[in-house]
Amino acid sequence: MKKGFTLVFCLLAFSTLISQTTQTVRGKIVDKETYSTIIGATVLVLNQTETLGASTDIDGNYRIDGVPLGRQTIKISYVGYNEQVVDVVVNSGKELILNIKLAESFVTIKEVEITSDGDEGVKNDMALVSVKSFSVEETDKYAGSRGDPARMASNFAGVQGADDSRNDIVIRGNSPLGVLWRVEGIDIPSPNHFSIAGSSGGPLSILNNKMMANSDFYTAAFPAEFGNSISGVFDLKFRNGNNQKHEFSAQLGFLGTEIMAEGPLNKKRGSSYLLAYRYSTLALFGGLGIKLGTDAVPQYQDLSFKLNFPQKNGSSFSLFAISGMSDIDIVFSTEEKPNPEINIYGENDRDQYFNTAMAVVGLTYLKPLKKNAFWKTTLAGSVDQQKAVHNYFTRDINAEGNYDLTNIYTILNYRFRQTKYSVSTFINKKLSAKSVLKYGINADFMVFDYQDSVFKDQEIPKEWDVRWNHKGTSALIQPYIQLKQQFTEKFVMNFGLHAQAFTQSESISLIEPRISMRYKINDKQVLTSGVGLHSQLQPAYTYFYQQPTGNGEEEAQFNNKMDFTKSFHSVIGYSIQFSQKTFLKS
């Protein structure tokens, strides 16, 4: 009876999914520079036998019901603004929430069509060169991406992955250490499980691509608002949850078992929640007693969420978080008899324990200022930690062929922890339809706790060599200003200045100029170029290394006055559109 009920339930659920052939598309249309709502904008679904569309209401919201499933083209237009055409995928499982920012037209009597393909669709209006906007869909469709933005980026020209075991990327020959991760305007630690201190990558991303809105990836000569990077920048955005309907999903995959939920907190006020949790599938299999070929099973879990609270006059508060924990134990000392096929990793004369953790919690406030500007501020706290313990042991094989453990002791013990309190605040002001000014400051207050000791001679456990023993604080301050000027309908430039100061080393990079331009030769060809001076800290732990003396005494830190790494970027680019689906970019 129970099996029959389950079968009927599954058939009904399956038939419900099959019968659903349309979905709702809705969202909000705002001015790209000021975030003020646009009333009366037209949103149309193209390539349909019957007209499907809607106009935005007094709050800039629109809703289109009955949109067929699959890939659709949607056009958004309003008098005095550039028309925008986007390609989207409409799924049966959830509503499509499509929020659009329209840019004011340079020539108000003539509409200019801008599509979402290529660099034209970037989220940052100040970015003119070496930037690629990517969507959630792209983190799945590129070969080998596995839903990971970094692995996806390795498919782009000039970007190369290290190897398949990690998602570190090399951009135009620069070190992977030069890549900056940013979420909601805040610089964050490496968002990867099993990340190594100072690195920007890892074997598995903590980020859940289903949490992200369209985001930007920079490969060179990025605008003045980005600092402390000499290679590339991931500027990630979290989307808001569905504020009208509760939606739930679950997924079982090789890389993780995850659940996701989103929906309204208050339908009248438009507040919403968005949450995603993932747990290691391999750890689940190991817990069920399923043999995986090794006893060293990686265990990890991560949680991300965003709560959004719209306010009056277009203002909004949002609370967001990213967190992840991971650990792996490679243990040989408990083996009863030799079996080299069980543990194929590590070294068979020691037990190794390694775990990592990172978390970011932030609060963002956005407020339109009259009709020509908006102010955005994000406050955040983050922590990043790596711990490792190695226990060395000796053992003999007895007469029965089993192991006898004769001795075991710790030969390595380290913990690197960095806590950071961050603020990012800026004002974006539209001076005219041709000019936009953006200025602000990013500041990080860092708290360091680095402890690392090893035995000088693991065979004679008598003396520790202390390599790190530091607790302290430092600050990184980065003010900037940038101006985008559109000289003609086809020619636009961005001028910026960035400064950077680090209190630990007393390093100051006072003036870092950034200039970029874009010239639209015709409807199919675009020429871009850019130059800029960029600076970056060394990996934080390297400032506090102390050379072991060999006698158990501590020696003074000799790296703590290291200056910034500096890089001068110069880029020229050309792209040509051969057809709607084919273009060349170099």
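Residues numbered from 1 in each chain as written. Predicted model: local features only at pLDDT ≥ 70, side-chain atom pairs only at ≥ 80, totals over all residues. Heavy atoms only, no water.

Turning our eyes to something else, we now look at the pairing of strand β21 (residues 271-279). Two elements, strand β20 (residues 257-266) and β21, share nine bridges in a ladder whose sense is antiparallel. Bridging from a neighbouring strand, Glu262 pairs with Leu274 of β21. Here β20 folds back onto β21, and the loop between the two strands holds four residues, one of which, Gly270, carries a positive phi near 80°. Inspection of the sheet shows β21 paired to strand β22 (residues 299-310) by eight bridges, in the antiparallel sense. Bridge assignment links Leu274 to a residue of β22, and that residue is Lys306. (Pairing = 2+ DSSP bridges. Helix = DSSP H or I, 4+ residues; strand = E, 2+ residues; numbered from the N terminus.)

This brings us to the environment of Lys312. With respect to the helices and strands, Lys312 occurs in the loop between β22 and β23 (316-330). Remark: the alpha-carbon pair of Lys312 and Arg269, spanning 43 residues in sequence, is separated by 9.3 Å.

Further remarks concern the nonpolar core. Counting 29 residues, the largest nonpolar core has Ile169, Trp181, Phe217, Phe234, Leu236 and Ile322 as the members making the most contacts within it. The next biggest cluster of nonpolar side chains, apart from the first, holds 26 residues, and it includes Leu204, Tyr414, Met446 and Leu476. (Core = buried A, V, L, I, M, F, W, Y, C linked by side-chain atoms within 4.5 Å. Buried < 20%, exposed > 50% of the residue type's maximum accessible area, 1.4 Å probe, protein only.)

Our focus in this paragraph is the environment of Lys438. Residue placement: Lys438 occurs in strand β27 (residues 435-455). A relative accessible area of 7% means that Lys438 is categorised as buried. As for Lys438 and Glu225, which are separated by 213 residues in sequence, their C-alpha atoms are 8.6 Å apart. In this structure, Lys438 is in contact with Met126, Glu225, Phe426, Ile427, Asn428, Tyr480, Ile481 and Gln482, ignoring residues within four places of it in sequence. Looking at Lys438, its side chain comes within polar contact range of the side chain of Glu225, at 3.0 Å. (Contact = heavy atoms within 4.5 Å. Polar contact = N/O pair within 3.5 Å; in protein donor to acceptor, adjacent residues only side chain to side chain.)

Shape descriptors only; they carry no functional weight alone.
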